[in-house]
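So the chains spell out like this:
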Protein chains: 2
Amino acid sequence: MSIRIGIYGYGNLGRGVESAIRQNDDMELVAVFTRRAPETLKIRTEGVKVCHVDDALKMIDDIDVMILCGGSATDLPVQTPELSKYFNVVDSFDTHARIPEHFANVDAEAKKSGKVALISVGWDPGMFSLNRLYASAILPDGKDYTFWGKGVSQGHSDAIRRVEGVLDGKQYTIPVDEALEAVRSGSCPELTTRQKHIRECFVVAEEGADLARIEQEIKSMPNYFADYDTTVHFISAEELKRDHSGIPHGGFVIRSGKTGFDSENTHVIEYSLRLDSNPEFTSSVIVAYARAAYRLNNEGQYGCKTVFDVPPAYLSIKSAEELRKEML
Amino acid sequence: MSIRIGIYGYGNLGRGVESAIRQNDDMELVAVFTRRAPETLKIRTEGVKVCHVDDALKMIDDIDVMILCGGSATDLPVQTPELSKYFNVVDSFDTHARIPEHFANVDAEAKKSGKVALISVGWDPGMFSLNRLYASAILPDGKDYTFWGKGVSQGHSDAIRRVEGVLDGKQYTIPVDEALEAVRSGSCPELTTRQKHIRECFVVAEEGADLARIEQEIKSMPNYFADYDTTVHFISAEELKRDHSGIPHGGFVIRSGKTGFDSENTHVIEYSLRLDSNPEFTSSVIVAYARAAYRLNNEGQYGCKTVFDVPPAYLSIKSAEELRKEML
């Protein structure tokens, strides 16, 4: 019998989940839930219901895992605890600083309902977190570094678009090669924000706008750009569409550490991602963890969990025997 | 209270474990067990007993986890099932093809005794296996590749030393750059054995030996060298000692896969290790899993397990709350 999945929210992430489910033969998409009028929503999978979010509770018996595809700012802090009352859920809550609070809220509900709620699933938080944990447990005497990019930052692109005179814009976060090399050398360098990443902006300006003023305003924007070396390119709307409509991302988690009675040996562990589509990769991680949520709950487990709590074997469609034989 | 560790076998791996324990404040080395006469063995940690392996059972109440540091060919197939009758154990059994059989033997004993036995812990099998599993669960429509090196292969170095006229030798396994790049491009190439790795040998020959014959004999050795592009360098015993006495290793696990309704997006996941000391890194992985074995057994779990079965959080000295706050 298939694992029956519901998608709650149908933006980039929801569409990514819909597409990822097709690659997993033990899963079946049952319904997509939306805040829009359901009849206005066109999804890609034939025979799957589109329902209003208000009707989710009518489907309690039809859905094994509800995948929450809303945003971390306002959607998930409300939706994840609420839906944990009725469903096993997976979310991709990614406001790192608020994870303990989100965990507590979700855990309280999931403990009462007896459901499994997996939060903060994706690649950071998610796969990058796992790699930070594994590497630091293996090499306690060391230091780890996370680099992001090259990739599009949604938040920074939004910030550009709020500057007066800007019609559209895209921002790439790019790790600095020299910093990556210094870290890979095992030298455990101290790196400032500016030394780790650069920011590259592609901006479509209004006709006749003061480009020098726009560039200056972007480069000096606190929190977003002021602490970085930022370059601004003015391009046409056509160029932006042609060359910058993808949502690539990626990054690196690197830990180096010492071993030996005299700390004489150095080791470097590196994990990296190069992603054509940030939301589709995130969705693919979430779908694998939906399988884990289902299995954990079937075994009688419940409460809020993160990637740190899930035995890796639970993610795979293969049996424990197959995994030992083919992958160990 | 510390986790009390016993080391069973004191070669490179046992010494690595001894040294790794010092980096983990929640662990304490209690005893080293050897087949040699205990009084002939000099260990590095003051106040720790050296015992004969025959006396291991006298220490059942003093040891929380016994770390087995013997070889996979003849030691572990006997020792791991036997010691699982009395102790939580961790081994680094690395004969991939015989893992299912080893698992079954160990599981039978550990199920009876109520102990946890973690087998095949290290980096391959071990961390590389984990990365194959995670990456394939996330990107089901893809292909993964494992490359080893640059590093010293003990088995191949031994094979060189068995050639007539050879006094000593060291063999490095080296991944082929072009193959790595082809895999990283996401093109999912079909690669032959010869295309993936080259083998470089440093050989000390007897005086007057027929070097051409030795080189030919090495290069044509079935299983070990015949399927590879192999280079042979003749050097002096002094050069071998000066330039090739380390035991570095490492490698790469790379998976690329497609996502999207039309498989239009490609993603590349890469995990790599660069290790100054193969046994010390392996030991460091083992020690982290010893912590997990202890915790799992304390929770009432038992039986044979592998890295696939262990929730990542169990490896870390930090609490679940700390991990969520600092690493997620």
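Above: the structure in question.
As the structure is a computational prediction, the values presented were derived from the model and not from experiment.

Each copy of the chain is related to the other by a rotation around an axis and a translation along that axis. Of the transformation superimposing chain B on chain A, the axial component is 0.0 Å and the angular component is 180°, with the fit at an RMSD of 0.0 Å. The transformation just described matches what one would write down for a two-fold rotation axis. When you check the interface residues of chain B against chain A, 100% turn up at the interface there too, and the contact is symmetric in its surfaces.

Many authors give the size of an interface as the accessible area that is lost as the parts come together. Facing 69 residues of chain B, the contacting portion of chain A comprises 69 residues. Of the roughly 6100 Å² buried where chain B meets chain A, counting both sides, 62% is carbon and sulfur surface. Linking chain B to chain A there are 0 salt bridges. Connecting chain B to chain A are 31 residue pairs in polar contact (both at pLDDT 80 or more). Per-element accounting of the side of chain B that touches chain A gives the leading share, 11 residues, to strand S13 (residues 265-275) of chain B. When grouped by side-chain class, the residues that make up the side of chain B that touches chain A number 32 nonpolar, 19 polar and 18 charged. As defined by bridge partners, strand S13 (residues 265-275) of chain A adjoins S13 of chain B across 9 bridges and the pair is classed as antiparallel.

Two numbers describe how helix H4 (residues 127-138) of chain A lies on helix H4 (residues 127-138) of chain B: the axes approach to 13 Å, and their chain directions differ by 175°. The orientation of H4 of chain A with respect to H4 of chain B, classified from their angle, is roughly antiparallel. In this structure, H4 of chain A uses Met127, Leu130, Asn131, Tyr134 and Ile138 of chain A to contact H4 of chain B, whose residues at the interface are Met127, Leu130, Asn131, Tyr134 and Ile138 of chain B. Residue classes in the contact of H4 of chain A with H4 of chain B are distributed as 8 nonpolar, 2 polar and no charged.

The next point concerns the nonpolar core. Of all hydrophobic cores here, the largest spans 158 residues; its most connected members are Phe33 and Tyr289 of chain A together with Phe33 and Tyr289 of chain B. Listed in part, the 13 residues of the second largest apolar core include Ile160, Val166, Phe225 and Val232 of chain B.

Thresholds, definitions, all that
Residues numbered from 1 in each chain as written. Chains lettered and ligands numbered in written order. Predicted model: local features only at pLDDT ≥ 70, side-chain atom pairs only at ≥ 80, totals over all residues. Heavy atoms only, no water. Least-squares fit on C-alpha atoms with pLDDT ≥ 70 in both. Contact = heavy atoms within 4.5 Å. Buried area = accessible area lost by both parts, 1.4 Å probe. Salt bridge = Lys/Arg side-chain N within 4 Å of Asp/Glu carboxyl O. Polar contact = N/O pair within 3.5 Å; in protein donor to acceptor, adjacent residues only side chain to side chain. Helix = DSSP H or I, 4+ residues; strand = E, 2+ residues; numbered from the N terminus. Nonpolar A, V, L, I, M, F, W, Y, C, P; charged D, E, K, R; others polar. Pairing = 2+ DSSP bridges. Axes fitted to C-alpha atoms, helices over the stretch in contact; angles between N-to-C directions. Parallel < 35°, antiparallel > 145°, perpendicular 65-115°, else oblique. Core = buried A, V, L, I, M, F, W, Y, C linked by side-chain atoms within 4.5 Å. Buried < 20%, exposed > 50% of the residue type's maximum accessible area, 1.4 Å probe, protein only.

Functional significance is not addressed by these values, which are geometric in nature.
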